[in-house]
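# Analysis of the macromolecular model
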Amino acid sequence: MYNAKAYSAGSATAPLAPATIVRRDPTDHDVQIEILYCGICHSDLHQVRNEWNDVMPTVYPCVPGHEIVGRVTRVGSAVTGFNTGDLAAVGCMVDSDRTCPACQAGLEQFCPNMTLTYNFPDKHLGGVTYGGYSDSVVIDERFALRVPANLNLAGVAPLLCAGITTYSPMHHWGVTKGKKVGVVGLGGLGHIGVKFAHALGAHVVVFTTSPNKKEDALRLGADEVVVSRNADEMQKHSGSFDFILDAVSADHDINAYIQLLARDGNITMVGAPEKPLAVSVFGLIFGRRSLSGSPIGGIPETQEMLDFCGAHEITSDVEIIPIQKVNEAYERLLKADVKYRFSIDMASLRSE
């Protein structure tokens, strides 16, 4: 074992602060990664403040972060996919049982025995796993991902959660050239969804409640922008979408978007509203439409997403911060005061 620098929260009301944590030494199949950037996900805030206590209570101290990009510094004796000096990334999972039907299909995100990157039982050291708000991490090479060398690393970090969360349902529902795709909400998830849909060749329509986001939506790759509060604008698109990605976590009228789907169209939820949404079943029945949800992707699909980003030069729009400003970033995140994700420069941690 060795000591690593980190930022952790000691309780639901305590700010994140410098800490020393224990990491395992690499075993035969492990890689040790010096973390260069770690994205801030909204789920980090929820977890740190124990807001998911009913389903996933937080164990303290909590070191969040599951959008990790870094460089390999050590490799185990049996590692074949990475060498010292390679770029590598870690997303929301660091292990699974590898034997269940989901794992056999490359869908580790559905494994009943997966291990999340932080605040999950640590099979190696006991206690819970610690995430990417740290100077290094050790992970089984089967859960490490290769990073295209042509991409800005700070912008790559959020792809490990926000990127795969938006790419996976588009991949599953067959978004390709000639399809009409809607993206509801232009935030941390939605802005990457727009980039993916555009790169996949779809006709992309962004739905927003903020007219002042039109210019940004077009810059990101949207062909049209609809202000969702304008009933006439919404009506113009009735029954015309093959796929809609709903990235809104606030309460909203899902039926307004269901009515925009063409026959056999699908709307997938990647935002998670706190309260249940009221769904008019007739909106689904007439048109054989479907409403679904989607989490992250498995390891093969996440690698596919990163390779796609390399080929199309896609990264998240980020504001880079030192780790000393992480608590301020959390407060700004609550106000949606970022375009569109925070990425922590971990050199700031090593300099402490």
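Notes on the structure follow.

Criteria and thresholds
Residues numbered from 1 in each chain as written. Predicted model: local features only at pLDDT ≥ 70, side-chain atom pairs only at ≥ 80, totals over all residues. Heavy atoms only, no water. 1 Å grid on protein atoms, 1.4 Å probe; cavity = no way out; pocket = protein on both sides within 12 Å on 5 of 7 lines; lining within 4 Å. Points joined across faces, edges and corners; volume = space filled by probe spheres on them. Nonpolar A, V, L, I, M, F, W, Y, C, P; charged D, E, K, R; others polar. Helix = DSSP H or I, 4+ residues; strand = E, 2+ residues; numbered from the N terminus. Buried < 20%, exposed > 50% of the residue type's maximum accessible area, 1.4 Å probe, protein only. Patch = residues over 30% accessible without salt bridge, like charges linked within 9 Å, V, L, I, M, F, W, Y side chains within 5 Å. Areas by Shrake-Rupley, 256 points an atom, 1.4 Å probe, with all protein chains shown as cover. Salt bridge = Lys/Arg side-chain N within 4 Å of Asp/Glu carboxyl O. Pairing = 2+ DSSP bridges. Axes fitted to C-alpha atoms, helices over the stretch in contact; angles between N-to-C directions. Contact = heavy atoms within 4.5 Å. Expected span 1.5 Å × (residues − 1).

Okay, empty space enclosed by the protein next. Counted under the stated rule, the structure contains one cavity of 30 Å³ or more. In this structure, the largest cavity spans a volume of roughly 70 Å³. The wall of the largest cavity is formed by G91, C92, M93, L145, L160, I164, I296, G297, I299 and T302. Considering only residue class, the lining of the largest cavity consists of seven nonpolar, three polar and no charged.

The volume enclosed by the second largest pocket comes to roughly 370 Å³. What lines the second largest pocket is a set of 24 residues, and nearest its centre among them are R24, D122, H124, T129 and V138. Elements that contribute at least two residues to the lining of the second largest pocket include exactly β2 (17–23), β6 (93–95) and β8 (136–140). Top contributing element to the lining of the second largest pocket by residue count: β8, with four residues.

A few words now on helix α5 (residues 190–199). Most of α5 sits out of view: eight of its ten residues are buried. Those residues of α5 lying buried are G190, H191, I192, G193, V194, K195, F196 and A197. Remark: G201 follows α5 within two positions and exhibits a positive phi of approximately 95°.

Together, V281, F282, I285 and F286 make up an exposed nonpolar region whose accessible area comes to about 460 Å². Summarising the element assignment, F282 is placed in helix α9 (residues 281–285).

Glancing now at the sheet that holds strand β15 (residues 290–293). Taken in spatial order, the six strands line up as β12-β11-β10-β13-β14-β15 in an open sheet, and their pairing is parallel. The open sheet has two edge strands with one neighbour each: β12 (224–227) and β15. Shown here is a sheet whose adjacent strand axes are inclined to one another by a mean of 20°, direction ignored. The sheet contacts of helix α4 (residues 162–172) involve β13 (241–246) and β14 (261–269), and relative to β13 the element is tilted by about 160°.

Right, let's get into helix α10 (residues 299–312). Between its first and last C-alpha atoms α10 spans 20 Å; for 14 residues at 1.5 Å apiece the expected length is 20 Å, and the two agree. Listed as buried for α10 are I299, E301, T302, Q303, M305, L306, F308, C309 and G310. At the C-terminal side of α10, E313 shows a positive phi close to 55°.

Attention shifts here to the pattern of salt bridges. One pass over the full model with this rule turns up 17 salt bridges. A salt bridge links R350 to E34; its shortest N-O distance comes to 3.4 Å. Of this pair, R350 sits in helix α12 (residues 347–350) while E34 is found in strand β3 (residues 30–40), placing the two residues 316 residues apart along the sequence. For R350, a relative accessible area of 29% translates into the label partly exposed. The shortest N-O distance in the salt bridge between D140 and R98 comes to 3.2 Å. In this pair, D140 is assigned in strand β8 and R98 in the loop between β6 and α2 (101–104), connecting sequence segments 42 residues apart. Connected via shared salt-bridge partners are D95, R98, K123, D140 and R142.

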